[in-house]
Amino acid sequence: MFLRALLTSVLLTQVPPSQTVSSATDAPVRPKASSVSDLPGQASNTGTTVAAFPLLTLEEAIALAEKQSPSLDAARARLQQSRELGNKAWSGYLPTVTASGAYTRNPQELSFALPGVPEPITLQNRDQLSGQLSARQALLVPTLWPAIQNAYLGEKAAALTAENTRREILFAVAQAYLGAASLREAMAVQEQLLEVRRGFERDAQARFEAGDAEKLAVLRATLDRKQAEQEVVRSRNAYATARSALAALLARPVDFDVAPPQGSAVAVPAEAHDVAVAEKTALDRRPDAAAARLDVDVARGGRRQVLFEYLPNLYANGNASTTNTAGLTGQASTWTVGLALSWNLFDGGLRESKLRESSGRIAEANANLRGLEEQIRDEVRKSRSELESAEANLGTAEERAKLALESARLAKQNFDAGATTYLQVTDVNATLASAQLSAVAESLNVRLSRLALMRAMGLFDPTGHSLVPRP
C-alpha cells in the first residue's frame, strides 16, 4: 500500500507541465483502491472489466486450508486408519469365539435295535442337524508382547507424520498467499506506472505539436507506454495464476482477492540467533525427526518379536456341540475344555533369517535418522543464511528506492530549470519504478525466508491444532 501511494504521488508529479495537456498530467492522481479488482465493474486500463471480490487475509486462508484442504483431509483419514493398529495387535490376546452349524439330507435313516432296549437306536437321521461352538484364549504368546508395543509406536509415528503433513500444507498455503500478495502489489505499481506513461505520452505529443519537443520524444513516450501496458497484462496474469494456485490449495473457487499482509507476517524466533540452539530446537520440535526416532524403536521391536518366536505358546480351548442324532451314547450334546501348548523347535532356519533381516532394518532406520538429522541441520543453516541475505537485500532495495526517489526529485528540478532533457527525466522515473518493484520483491523474500526458518526449526504452527495427542 505504501509503495503504491508513494509511486503515485512521486512519479506523476514528474510529468513535465504543459499548457495544452489535460489536468490529469498536471497533478498527482489520487491512488486507486488496492487494485482495479477492488472497484465493482470498473474498466481496467487495458479495456477489460474486473469484478470485485472480497479480501482474504492470511489468517483466514490458513484457517480455511486447515478446515477443508483435500490433502489435509487425506492425512487425517490415514491417521484414523493408523489408530486401529493397537486394536489389531491386541486381538491376538483376546478370546476368539466361533459358531458353526450344518444341515445334512441323507438318502435314508439308519437305526438298529438292541435286546432289552425298547426304542431303536438311530445312527443317522434322514434330516440331520448339528451345531458347534468353539472358543480359544491365548494364555502365553510371547511374540504378541513386542507386537503390541510396536503397534502403539506405529500409532505415534503415524500421528507425527500426519502432523508434519499438516504443517507442510499450511506452509505451502502461506507461501502461495504471500506470493499472491506480492504479485498484487507489483500489479498495482505497474498500473500506476502505466498511468504515468500515458501522461508522459500526452505531454510529449502536446509539446511536439507546440514545437517544444522533437518527434523522437513522442516515439519514446509511445514505446514506454506500450511496454507499460504489456507489463500490466503480464502482472495481472501472474496475479491471476497465483490466486488460482492458492484457491486450489484451499479447495474453493477463485472468488477472492488477497489482502496485503501486515508487517513481516512472522517474527524471527529467539532461538534462531544462535545456530547451535536453532539446530537443537529443530531436532527436538520437528515432527518428522520424532517420527524417524520412533521408526528406530519400531525396528528394534521387530527384532524382539523375532527373538520371542523361540518361546512356546500356550492356549486354552473350549468346544461345545449338539446334534439331533444321539447315537450310541444317547447324548445329543457334548463339550470339552483343555490346554494346547505349541513350541516350534526348528523351522528350517526361518527365524535366523528373520533376525538377520531385522538387524538390517535397524541399521537402515538408524541411517535414515542420521540422514534426516543432517538434512534438518542443513535446512536450518541454509534458512538462516537466506534470511540474512534477504534482509540485507531488502535494506539495499529500500535504500535504492530512496536514492531513486531523490534522483527523480532532482531530475524534475533540473528539467524545470532547463538543465536536463525530457528523455533523461523519463529514464529517471523508470529507474524509480524499477526500484519500487525490487523493494516489493525483496519484502516478499524476507517474509518467505522467515517462514522457511520457522518451518526448518519446527516452530511453524500458525493454528496450534496439532494432530499429535497430548501426553
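The structure displayed is predicted, hence computed values, not measured ones.

Definitions and cut-offs
Residues numbered from 1 in each chain as written. Predicted model: local features only at pLDDT ≥ 70, side-chain atom pairs only at ≥ 80, totals over all residues. Heavy atoms only, no water. Phe/Tyr/Trp six-rings, centres within 6.5 Å; stacked < 30°, edge-to-face > 60°. Buried < 20%, exposed > 50% of the residue type's maximum accessible area, 1.4 Å probe, protein only. Helix = DSSP H or I, 4+ residues; strand = E, 2+ residues; numbered from the N terminus. Lys NZ or Arg CZ within 6 Å of the ring centre and 35° of its normal. Axes fitted to C-alpha atoms, helices over the stretch in contact; angles between N-to-C directions. Parallel < 35°, antiparallel > 145°, perpendicular 65-115°, else oblique. Contact = heavy atoms within 4.5 Å. Nonpolar A, V, L, I, M, F, W, Y, C, P; charged D, E, K, R; others polar. pLDDT = per-residue confidence, 0-100. Core = buried A, V, L, I, M, F, W, Y, C linked by side-chain atoms within 4.5 Å. Left-handed = near helix turned anticlockwise from the far one by under 90°. Expected span 1.5 Å × (residues − 1). Pairing = 2+ DSSP bridges.

What follows is about the packing of aromatic side chains. One pass over the structure, following the stated rule, counts three aromatic pairs. Note on Trp-90 and Tyr-93: the rings are 6.5 Å apart at their centroids and 50 degrees apart in plane angle, and the pair reads as tilted. The class for Trp-90 is partly exposed, based on a relative accessible area of 37%. On the basis of an interplanar angle of 80 degrees and a centroid distance of 5.8 Å, the ring pair of Trp-145 and Phe-308 is categorised as edge-to-face. With a gap of 163 residues between them, Trp-145 in helix 5 (residues 144-210) and Phe-308 in the loop between helix 8 (287-307) and strand 9 (313-323) connect regions that are remote in the sequence. A relative accessible area of 41% means that Trp-145 is categorised as partly exposed. Phe-308 sits in the partly exposed class, given a relative accessible area of 26%. The ring of Tyr-315 is capped by Arg-136, whose NZ or CZ atom sits 3.7 Å from the centre of that ring. The side chain of Arg-455 reaches across the aromatic face of Phe-171, ending 5.5 Å from its centre.

Time to look at the packing of helix 8 against helix 9 (residues 350-416). At their nearest, the axes of helix 8 and helix 9 sit 9 Å apart, and the two run at 170 degrees to each other. Overall, the two elements helix 8 and helix 9 adopt an arrangement that is roughly antiparallel. Residues Asp-288, Ala-289, Ala-292, Arg-293, Asp-295, Val-296, Ala-299, Arg-300, Arg-303, Val-306 and Leu-307 of helix 8 form the contact with helix 9, whose participating residues are Arg-351, Lys-354, Leu-355, Ser-358, Ser-359, Arg-361, Ile-362, Ala-365, Asn-366, Leu-369, Leu-372 and Ile-376. Among the residues making up the contact of helix 8 with helix 9, the classes are represented as twelve nonpolar, three polar and eight charged.

Considering every residue of the protein chain, the mean pLDDT works out to 84; 86% of them sit at 70 or more. Put simply, strand 1 (residues 42-43) is where the protein chain has its lowest mean pLDDT, 36, and helix 8 is where it has its highest, 96. Counting contacts from residues 1-51, a segment whose pLDDT is below 50, to residues more than four positions away or on other chains yields 117 contacts.

What follows is about the nonpolar core. In terms of nonpolar packing, the biggest core is built from 48 residues, with Tyr-177, Leu-246, Leu-250 and Val-258 touching the most fellow members. Looking at this core, the elements with two or more residues in it are helix 2 (58-68), helix 5, helix 6 (215-250), helix 7 (275-285), helix 8, helix 9 and helix 10 (422-456). By residue number, the principal contributor to this core is helix 5, which donates ten residues. Formed by eight residues, the second largest nonpolar core is a distinct cluster that contains Tyr-93, Leu-144, Ala-151 and Tyr-315.

Turning next to the packing of helix 7 against helix 9. Two elements in contact, helix 7 and helix 9, have axes separated by 9 Å at closest approach and are oriented at 135 degrees. Comparing their axes, helix 9 and helix 7 come out oblique. Crossing handedness for the pair helix 7 and helix 9: right-handed. Counting all contacts with helix 7, which are made through Val-275, Ala-278, Glu-279, Ala-282 and Leu-283, the residues of helix 9 involved are Glu-373, Ile-376, Arg-377, Val-380, Arg-381 and Arg-384. Here the contact of helix 7 with helix 9 is built from residues that sort into six nonpolar, no polar and five charged.

It is worth spelling out helix 5 at this point. Compared with an ideal rise of 1.5 Å per residue, which puts 67 residues at 99 Å, helix 5 spans 98 Å between its outermost C-alpha atoms and is within 8% of the ideal. Across the 67 residues that make up helix 5, a large majority, 49, are buried.

In this section: the pairing of strand 9. Sheet topology places strand 7 (residues 127-140) next to strand 9; ten bridges connect them, and they run antiparallel. The residue bridging Ser-130 from the neighbouring strand is Thr-323, located in strand 9. The sheet contact formed by strand 9 and strand 10 (residues 333-342) spans ten bridges and is antiparallel. By the bridge assignment, Ser-321 is partnered in strand 10 with Thr-334.

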